[in-house]
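Coordinate analysis (summary)
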Amino acid sequence: MGTRESNEQAGGTARRALLGAAVLGASGTALGLSGTARAADARHGGGRGLKGLPVPTIVGHRGASGYRPEHTLAAYQLALDMGADIVEAGDLVPTRDGHLVCRHEPEIGGTTDVADHPEFASRRTTKTLDGVATTGWFTEDFTLAELKRLRAVERIPANRPHNTLYDGRWEIPTFEEVLRWQDEQTRKRGKQVWIYPETKHPTYFRKLGLGLEERVAKLLRRYGKDGRNAPVVLQSFEPTSIRRFSRLVDNPLVVLLSHAGERPWDFVESGDPRTVADLITPEGLKEIASYAQGIGPTLDLVIPRDASGRLTEPTGLVRDAHRAGLILHPYTLRNENPFLPADFREGTDRDAYGDVFGAYRAYFATGIDGVFTDQPDTGLLAREDFVNG
């Protein structure tokens, strides 16, 4: 999630302050959430697919990526252990031989140790990815067997140096491995585990003959996870990718929305002049609701920030989306100062945690249905505070 997240560009280093001991029980689920779950069930009639999940729903962004290198089975596992309602597993990109793997981007120089493999030095190249010249190593230039020789590393070590402790420990998971892991965890925990995969740059890959949607749909059908209430929510920044999914599977579908002035890349390629600002009008939301069940807007579309980075007044997006019958799962809340609105930063250390609970309160108060977070344990505590007043 969040290729275009503005709040991901800040530098700094992150403080390791894992709250797990405070919120985890022996079973690996969050303590003190029974009231939250009951309140959410009362609002959404538990057990009805996506709308049966607790509200506000806590989505582990790329797993528990505040504590482990993102898009690894370890990050996904930790998110579940912390009690996340859904795990974003994962951002899907293809290999040269057509397998789907979980990486934030097809360029893997920043998320794997590929640069330390001399046998792959010649694979380093520059490509134009959604109009942007990008230099590095790309998944579509590797077979799955080759990618399995690599190991994941922390993507933003300047912000999260403690996560580098785990560099080189875990391999790149395939989407099929994630689906099997989901089934295994569902059996072990005695409750349904949900995942929230995203198709990355689908227009780019379709032009390479590596269409994503058909590959995802085939695997979902193989594992019996292609139904209306299936525990797999599909998302993409490209509306046409979600439209294509609506014809292939019956899964819950979510259109991701970046900043108001941006155009989805599939719109750029097709000559559609609309921007995100057009998609979040009542008319645009009504159109999205004709083929999707939700939207994943950047937090700034819910509450804009002023020139100093402080929150202003909420927009009407939550109201308008709900009127159209859509749920909203905005992205991304993180504990570290550089990623928070200026109102909630504390001290001058860029690696310190700010008043993230205050930020959660502000966003939850708008009526959003959930939020993506790098620190699911913090999100669960914030939800408990909010639901219990």
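Whatever comes next refers back to the structure up there.
Residues numbered from 1 in each chain as written. Predicted model: local features only at pLDDT ≥ 70, side-chain atom pairs only at ≥ 80, totals over all residues. Heavy atoms only, no water.

1. Considerations on the sheet that holds strand β4 (residues 100-102)
- Taken together, seven strands build an open sheet; the order of strands is β4-β3-β8-β9-β10-β11-β12 and the sheet is mixed. Strand pairing shows two members of the sheet lacking a second neighbour, β4 and β12 (327-328), which therefore form its edges.
- As paired elements, strand β8 (residues 198-199) and strand β9 (residues 234-236) share two bridges and run parallel to each other. Within β9, the residue paired with Glu-198 across the bridge is Gln-235. (Pairing = 2+ DSSP bridges. Helix = DSSP H or I, 4+ residues; strand = E, 2+ residues; numbered from the N terminus.)

2. Some thoughts on the pattern of salt bridges
- Inspection of the entire model under this criterion finds 29 salt bridges.
- Asp-91 is the partner of Arg-62 in a salt bridge, and the nearest nitrogen-oxygen pair spans 3.9 Å. Of this pair, Arg-62 sits in the loop between β1 (57-60) and α3 (73-82) while Asp-91 sits in strand β3 (residues 91-94), and the two are 29 residues apart along the sequence. The residues Arg-62 and Asp-91 share a single accessibility class, namely buried.
- Between Glu-119 and Arg-149 there is a salt bridge, with its nearest N and O atoms 3.0 Å apart. (Salt bridge = Lys/Arg side-chain N within 4 Å of Asp/Glu carboxyl O. Buried < 20%, exposed > 50% of the residue type's maximum accessible area, 1.4 Å probe, protein only.)

3. Quick word on the sheet that holds strand β2 (residues 86-87)
- Read from one edge to the other, the open sheet built from four strands follows the order β7-β2-β1-β13, with strand pairing classed as parallel. The sheet terminates laterally at β7 (194-195) and β13 (370-373), the two strands that pair on one side only.
- In this sheet, β7 lies alongside β2 in parallel orientation, the contact comprising two bridges. Note on β7: the bridge partner recorded for Val-87 is Ile-195.

4. As for the nonpolar core
- Membership of the largest hydrophobic core comes to 81 residues, with the highest contact counts inside it found for Phe-175 and Ile-295.
- Filtering out sequence-adjacent residues up to four positions away, Phe-175 remains in contact with Ala-89, Leu-92, Leu-100, Val-101, Cys-102, Ile-195, Pro-197, Val-216, Leu-219 and Leu-220.
- In terms of nonpolar packing, the next biggest core, distinct from the first, is built from 13 residues, Ile-86, Phe-237, Val-254 and Phe-372 among them. (Core = buried A, V, L, I, M, F, W, Y, C linked by side-chain atoms within 4.5 Å. Contact = heavy atoms within 4.5 Å.)

5. Digging into the packing of α3 against helix α5 (residues 175-189)
- Across the interface, α3 lies against α5 with an axial gap of 12 Å and an inter-helix angle of 30°. What the angle tells us is that α3 and α5 run roughly parallel. Handedness of the α3/α5 crossing: right-handed. Contacts between α3 and α5 involve Leu-73, Tyr-76, Gln-77, Leu-80 and Asp-81 from the first element and Val-178, Trp-181, Gln-185 and Arg-189 from the second.
- Across the contact of α3 with α5, the residue classes break down as five nonpolar, two polar and two charged. (Axes fitted to C-alpha atoms, helices over the stretch in contact; angles between N-to-C directions. Parallel < 35°, antiparallel > 145°, perpendicular 65-115°, else oblique. Left-handed = near helix turned anticlockwise from the far one by under 90°. Nonpolar A, V, L, I, M, F, W, Y, C, P; charged D, E, K, R; others polar.)

6. Some words on the pairing of β3
- Across the two faces of β3 the burial is the same, with Asp-91 and Val-93 and Leu-92 and Pro-94 all buried.
- With two bridges connecting them, β3 and β8 associate as parallel partners. From the neighbouring strand, Leu-92 faces β8, where its bridge partner is Thr-199.
- Where β3 lies against β4, three bridges are found, and the strand directions are antiparallel. Residue pairing across strands places Leu-92 opposite Cys-102, the latter belonging to β4.
- In textbook terms, the turn of a hairpin is the stretch between consecutive antiparallel strands, and for β3 and β4 this stretch comprises five residues, one of which, Gly-98, has a positive phi near 90°.

7. A short note on the packing of helix α7 (residues 212-222) against helix α8 (residues 239-248)
- Between α7 and α8, the least distance of the axes is 10 Å, while the angle of their chain directions is 35°. Our pair here, α7 against α8, has a crossing hand that is right-handed. Judged by residue contacts, Glu-213, Glu-214, Val-216, Ala-217 and Arg-221 of α7 engage Ser-241, Arg-244, Phe-245 and Leu-248 from α8.

8. Quick look at helix α11 (residues 282-289)
- Within α11 the residues assigned to the buried category are Gly-284, Leu-285 and Ile-288. One face of α11 carries all of its buried residues, which in axial projection span an arc of 100°. Residues Glu-283 and Lys-286 are exposed on α11 and point more than 90 degrees away from its buried face.
- Looking at the packing, one finds that the buried side of α11 touches β10 (253-257), α10 (276-279), β11 (294-297) and α13 (317-323). (Arc of directions from axis to C-beta.)

9. Details of the pairing of β10
- Of all five residues making up β10, five are buried, and the element is well covered by its neighbours.
- Alternating residues of β10 divide into Leu-253, Val-255 and Leu-257 and Val-254 and Leu-256, and every residue in both groups is buried.
- Between β9 and its parallel partner β10, the chain crosses via α8, and the hand of that crossover is right-handed. (Right-handed = clockwise from strand over helix to strand, strands pointing away.)

10. Details of α7
- Every buried residue of α7 is listed here: Leu-212, Glu-213, Val-216, Ala-217, Leu-219 and Leu-220. The arc that holds the buried residues of α7, viewed along the axis, is 165°, so those residues lie on one side.
- One or two steps after α7, the chain reaches Gly-224, where phi turns positive at roughly 65°.

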